[in-house]
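This is what each chain is made of:
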Amino acid sequence: MADEMGKGRFEALIAAYGADPKRWPAEEREAALAFAQSAEIDLSEAHAIDALLDLAPAPMPPSELLQARLMRSLPKREVRLAPAVAALAACAVFGLIVGYGAGLNAPMGADVDQVLATAFDSSDQGWIGEDS
Amino acid sequence: MNDPDGDLISRIAVGEAGAAEQLVRRHVKRIHALAQRMLNDAHEAEDVTQEVFLRCWRAAPRWRPGQAKFETWMHRVAINLCYDRLRRRREKPDAEAGMSMADPSLGASDAWLAAQRAARVQAALARLPERQRAAIALCHFEEVPQRDAAAALDVSLDALESLLARGRRALRDALSDVAEDLLGEVGDGR
């Protein structure tokens, strides 16, 4: 498209993009401007349509609420921390299981004295029964 | 291809919230304006804008730089979401209930005339076929470069120019009386 700027191409250009050179394709702008200056081209129709379009009301700006919602939807850093959090959680669960299992195997009530008694060797017996 | 958003996207992909915030600040107005021009409804445009950004967060880790500008992809997502909504409506957009005017308290006759013209232009734009409206929204109102606009619409440059020319001609035909007045003003201005 940028090869040559003839009347046909120039007319196609303003039919699509209007009369304002800032909206023309950058790679054709210089050639189109030069053509416009050298040729008798009536741009009033294109100017009028540009002016029609510019009469359209400006869009409302995005609301504060929308911007707040977008900020709340931002990706959370926790996503990256997920493996570490999962590892910690696994450790905690493992700890609970081990603790619970040990609790099940632990001696209950009257057996405690017996266990304590067997936890010491015979030399301690003398010390324990020192008063007797 | 030099993508001005490339660095932001790679930072968003690794969970940098500040980069995501920057992306929002950089693009929220344009995406919202584009959706509003397409849907003629500011509230629906907000829903579309939110969906576009949610998709950005999801897409960032999978984004392959160098193939297209991220902004072009955002425009395409926004336009496709608008097409979906317009299809769901199964009716012509209601220009009367559309975008609010910048100044609702117009009293003077010139201002009243301007408001009337603005409403008619808005209604005529709303009646354009979706793709012509999208092309005009991107190229005329948002001044998106032609190649990016064509990519966002998934059409060739020739097809983009055809959409634009047909849209502009349709608008001129629908508003020939206003266009004649403007032609006179253009002539007087010389």
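Scroll up to find the structure this text is about.
Predicted, not measured: the structure shown is a model, and the values here were computed from it.

## As for the overall build of chain A
Step number 1: Across its full length, chain A holds seven helices and zero strands.
Step number 2: Start at the N end of chain A and walk to the C end: the helices and strands fall as α-α-α-α-α-α-α.
Step number 3: Of the roughly 8,900 Å² that chain A leaves accessible, carbon and sulfur atoms contribute 62%.

## A look at the packing of helix H6 (residues 130-141) of chain B against helix H8 (residues 157-174) of chain B
How two helices sit against one another is set out by the angle between their axes and by the gap between those axes.
Residues and elements named next belong to chain B.
Step number 1: Packing of H6 against H8 leaves a shortest axis separation of 8 Å and a crossing angle of 100°. Put simply, H6 runs roughly perpendicular to H8. In this structure, H6 contributes Arg131, Gln132, Ala135, Ile136, Cys139 and His140 to the contact, and H8 contributes Leu160, Leu163, Leu164, Arg166, Gly167 and Arg168.
Step number 2: Looking at the contact of H6 with H8 residue by residue, the class counts come to six nonpolar, three polar and three charged.

## Notes on the packing of aromatic side chains
Step number 1: Within the structure shown, the criterion is met by six aromatic pairs over all chains.
Step number 2: A ring pair is formed by phenylalanine 10 of chain A and tryptophan 24 of chain A, whose centres lie 5.6 Å apart and whose planes are at 80°; its orientation type is edge-to-face. Pair noted here: phenylalanine 10 of chain A is in helix H1 (residues 7-17) and tryptophan 24 of chain A is in the loop between H1 and helix H2 (26-38), with a separation of 14 residues, a long-range link. Like tryptophan 24 of chain A, phenylalanine 10 of chain A is buried.
Step number 3: With a centroid separation of 4.9 Å and an interplanar angle of 85°, the aromatic rings of tryptophan 63 of chain B and phenylalanine 70 of chain B are classed as edge-to-face. Each member of the pair, tryptophan 63 of chain B together with phenylalanine 70 of chain B, is buried.
Step number 4: The structure contains a cluster of three or more aromatic residues connected by ring pairs, namely Phe10, Trp24 and Phe35 of chain A.

## So, the interface of chain B and chain A
Step number 1: Between chain B and chain A, the contact holds 53 residues from the first and 45 residues from the second.
Step number 2: Summing both partners gives a buried area of about 4,300 Å² for chain B against chain A, and 65% of it is carried by carbon and sulfur.
Step number 3: When residues of chain B are sorted by the area they lose upon contact with chain A, His140, Glu161 and Arg168 of chain B head the list and together hold 16% of the total.
Step number 4: Our enumeration of links across chain B and chain A arrives at seven salt bridges.
Step number 5: The shortest N-O distance in the salt bridge between arginine 69 of chain A and aspartate 47 of chain B comes to 3.8 Å.
Step number 6: On the surface where chain B and chain A come into contact, there are 18 residue pairs in polar contact (both at pLDDT 80 or more).
Step number 7: Contributing elements (two or more residues each) for the side of chain B that touches chain A: helix H2 (17-39), helix H3 (42-59), helix H5 (109-127), H6, helix H7 (146-153), H8 and helix H9 (176-188) of chain B.
Step number 8: Per-element tally for the side of chain B that touches chain A: the top contributor is H2 of chain B, with 10 residues.
Step number 9: In terms of residue class, the side of chain B that touches chain A is made up of 30 nonpolar, nine polar and 14 charged.

## Regarding the nonpolar core
Residues and elements named next belong to chain B.
Step number 1: Leu153 and Leu160 are the most contacted members of the largest nonpolar core, which totals 78 residues.
Step number 2: Per element, the largest residue contribution to this core is 10 residues, and it comes from H2.
Step number 3: Discounting residues that sit within four places of it in the chain, leucine 153 has contacts with Ile79, Tyr83, Ala134, Ala135, Leu138, Leu160 and Leu163.

## Section: the packing of H6 of chain B against H7 of chain B
Residues and elements named next belong to chain B.
Step number 1: Closest axis-to-axis distance for the H6/H7 pair is 10 Å, and the angle between their directions is 150°. By the angle between their axes, H6 is roughly antiparallel relative to H7. Both H6 and H7 take part in a crossing whose hand is right-handed. Judged by residue contacts, Ala134, Ala135, Leu138 and Cys139 of H6 engage Ala149, Ala152 and Leu153 from H7.
Step number 2: Among the residues forming the contact of H6 with H7, the class breakdown is seven nonpolar, no polar and no charged.

## Structural notes on H2 of chain A
All names here are of chain A.
Step number 1: Taking 1.5 Å of rise per residue, 13 residues should cover 18 Å, and H2 covers 19 Å from first to last C-alpha, within 8% of that figure.
Step number 2: The set of residues buried in H2 consists of Glu28, Ala32 and Phe35.
Step number 3: In this structure, the buried side of H2 is in contact with H1.

Conventions adopted
Residues numbered from 1 in each chain as written. Chains lettered and ligands numbered in written order. Predicted model: local features only at pLDDT ≥ 70, side-chain atom pairs only at ≥ 80, totals over all residues. Heavy atoms only, no water. Helix = DSSP H or I, 4+ residues; strand = E, 2+ residues; numbered from the N terminus. Areas by Shrake-Rupley, 256 points an atom, 1.4 Å probe, with all protein chains shown as cover. Axes fitted to C-alpha atoms, helices over the stretch in contact; angles between N-to-C directions. Parallel < 35°, antiparallel > 145°, perpendicular 65-115°, else oblique. Contact = heavy atoms within 4.5 Å. Nonpolar A, V, L, I, M, F, W, Y, C, P; charged D, E, K, R; others polar. Phe/Tyr/Trp six-rings, centres within 6.5 Å; stacked < 30°, edge-to-face > 60°. Buried < 20%, exposed > 50% of the residue type's maximum accessible area, 1.4 Å probe, protein only. Buried area = accessible area lost by both parts, 1.4 Å probe. Salt bridge = Lys/Arg side-chain N within 4 Å of Asp/Glu carboxyl O. Polar contact = N/O pair within 3.5 Å; in protein donor to acceptor, adjacent residues only side chain to side chain. Core = buried A, V, L, I, M, F, W, Y, C linked by side-chain atoms within 4.5 Å. Left-handed = near helix turned anticlockwise from the far one by under 90°. Expected span 1.5 Å × (residues − 1).

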